[in-house]
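In case you want the letters, here they are:
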Amino acid sequence: MSLRIGVIGTGHFGRFHAQKLAARGCLAGLHDMDAARAAQVAEEVGTTAMDPIALIDAADAVVVAVPTAYHYQHAIAAIAAGRHVFIEKPIAASLEEAQDLVDAAAARGVVLQVGLIERYSAAIRTLRESRAGEGALAFEATRVAPFRPRSLDISVVLDLMIHDLDLLLTLAASKLAEVRAVGRRVMSPHPDFAVAQLRFESGAAATVTASRISVGLERRLRVLGPAGETRVDFLARSLERLRPGGAEPVATMPGWGIDRATWVEHDSLEAEQTAFLASIETGAPVEANGAVAIAALDAALRVEAAIRASGG
């Protein structure tokens, strides 16, 4: 018997989840606070709109894709019912709620996965294979986009920057020691741009820029260390690494060369859904697990606190 998975919340990502689960033949139904929206998406994907309690009862697992303030109430209800849970990022609105969800899932023996979708992208896989983070001392990450009126219930830090914070925590392989940041509200009640300076316990440092009020799209990463430099342009799908013994010799740096790599994009949402189903069915470990999600949320909340301290 195939898994039955419900979707709670049919906004931007919730609708995509419902479409993909319907295509897999395992969509149990959906719920949205907006009854008209729920009915529209239900008709689109060929399922039934229902209240969240009935949906949890009808499903083996649920996807929680509601605004962040409501993550906890839906996720904890599903976990209490013994259901596996996938929560879009951030895992919860506070660290206390996040830890409670992780502890409850462990106690009930259910899968808890968080939608840190970049972990399932071809770009990040290529970056990890390059081993760019080894011995790195400095990082520069930029993730900016034009304004779109969605996810305005949270700041740009929890909306966009959290992906790069998660990535940098992984690459630095060290805990945060200090956070400084500035940001301002422009088009929403929360900061719409932010620039954070991070220092890790290892001594490495990072500058992270995120904006949802930019002129255009930009997503770049630079990694610097004694073993060279790595530059990644995620939109151009290009990675360049200057290192000792690199493939393309550099005339002014004897013994050094440049390695170049690219990647073929794949459907990252499909990939993380596949990982969620595999974890339920086979017990495969979840990469975007509770500990990872809590570390990313902690970093994001520290950036937000620094922004408030700066007057933002």
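Residues numbered from 1 in each chain as written. Predicted model: local features only at pLDDT ≥ 70, side-chain atom pairs only at ≥ 80, totals over all residues. Heavy atoms only, no water.

Details of the pattern of salt bridges
For the structure on display, the rule yields 24 salt bridges. Between Glu118 and Arg143 there is a salt bridge, and its shortest N-O distance comes to 2.8 Å. Placement of the pair is Glu118 in the loop between strand E5 (112-115) and helix H6 (122-130) and Arg143 in strand E6 (residues 138-144), with a sequence separation of 25 residues. Among the residues examined, Glu118 registers a relative accessible area of 16% and is labelled buried. Overall, Arg143 belongs to the buried group, its relative accessible area being 9%. Glu140 is paired through a salt bridge with Arg222; the nearest N and O atoms lie 3.5 Å apart. Of this pair, Glu140 sits in strand E6 while Arg222 sits in strand E10 (residues 218-225); the two residues are 82 residues apart in sequence, bridging distant segments of the chain. A relative accessible area of 40% means that Glu140 is categorised as partly exposed. (Salt bridge = Lys/Arg side-chain N within 4 Å of Asp/Glu carboxyl O. Helix = DSSP H or I, 4+ residues; strand = E, 2+ residues; numbered from the N terminus. Buried < 20%, exposed > 50% of the residue type's maximum accessible area, 1.4 Å probe, protein only.)

Observations regarding the packing of helix H1 (residues 12-24) against helix H8 (residues 268-282)
Contact geometry of H1 with H8 gives a least axis separation of 11 Å together with a crossing angle of 60 degrees. Taken as axis vectors, H1 and H8 run oblique relative to one another. Read as a crossing pair, H1 and H8 show a hand that is right-handed. Two secondary-structure elements touch here, H1 through Phe16, His17, Lys20, Leu21 and Arg24 and H8 through Leu269, Glu270, Glu272, Gln273, Thr274 and Leu277. When its residues are assigned to classes, the contact of H1 with H8 shows four nonpolar, three polar and four charged. (Axes fitted to C-alpha atoms, helices over the stretch in contact; angles between N-to-C directions. Parallel < 35°, antiparallel > 145°, perpendicular 65-115°, else oblique. Left-handed = near helix turned anticlockwise from the far one by under 90°. Contact = heavy atoms within 4.5 Å. Nonpolar A, V, L, I, M, F, W, Y, C, P; charged D, E, K, R; others polar.)

Notes on the pairing of E10
Across seven bridges, E6 lies against E10 in antiparallel orientation. Each residue of the ladder has a partner; that of Ala141, found in E10, is Leu221. Where E10 lies against strand E11 (residues 228-233), six bridges are found, and the strand directions are antiparallel. Each bridged residue has a counterpart across the sheet, and for Arg220 the counterpart in E11 is Asp233. Joining the antiparallel neighbours E10 and E11 is a turn of two residues. (Pairing = 2+ DSSP bridges.)

With respect to the nonpolar core
Among the nonpolar cores identified, the biggest contains 74 residues, and Ile91, Leu198, Leu221 and Val303 are the most heavily contacted of them. Looking at which element gives the most residues to this core, the answer is helix H7 (residues 156-172), with 12 residues. If near-sequence neighbours (up to four positions away) are discounted, Leu221 is found in contact with Leu127, Glu140, Ala141, Leu167, Leu168, Leu171, Thr230, Arg231, Val232 and Phe234. Grouped together as the second largest cluster of nonpolar side chains are 21 residues, Ala18, Ala42, Val111 and Ile280 included. (Core = buried A, V, L, I, M, F, W, Y, C linked by side-chain atoms within 4.5 Å.)

With respect to the sheet that holds strand E12 (residues 238-244)
Read from one edge to the other, the open sheet built from nine strands follows the order E7-E8-E9-E6-E10-E11-E12-E14-E13, with strand pairing classed as mixed. Single-partner strands in this sheet number two, and they are strand E7 (176-184) and strand E13 (248-249). Here two bridges tie E13 to strand E14 (residues 256-261), and the two strands are oriented antiparallel to one another. For Glu248, the partnering residue across the bridge sits in E14 and is Ile258.

Some words on the side chain of Asp166
Along the chain, the position of Asp166 falls in helix H7. Ignoring anything within four residues of it in the chain, the contact list for Asp166 reads Leu116, Arg119, Val292 and Ala296.

Concerning the sheet that holds strand E4 (residues 84-88)
Reading across the sheet, the five strands line up as E2-E1-E3-E4-E5 and stay open at both edges, with parallel pairing between neighbours. The sheet is open, and its two borders are formed by strand E2 (27-31) and E5, each paired with just one other strand. Strand after strand, the sheet turns through a mean of 15 degrees between neighbouring axes, direction not considered. Bridging between strand E1 (residues 5-8) and strand E3 (residues 61-64) involves four bridges; their strand directions are parallel. Its bridge partner lying in E3, Ile8 is registered against Val64.

Digging into helix H5 (residues 95-108)
For H5, with 14 residues, the first-to-last C-alpha span of 20 Å sits near the 20 Å given by 1.5 Å per residue. The set of residues buried in H5 consists of Ala98, Leu101, Val102, Ala104 and Ala105. Down the axis of H5, the sector holding all buried residues measures 165 degrees, keeping them to one side. Of the exposed residues in H5, those oriented more than 90 degrees away from the buried face are Glu96, Ala106 and Ala107. Summarising the contacts, the buried residues of H5 are in contact with helix H4 (71-80), E4, E5 and helix H9 (290-309). Gly109, located one to two residues past H5, shows a positive phi value of around 70 degrees. (Expected span 1.5 Å × (residues − 1). Arc of directions from axis to C-beta.)

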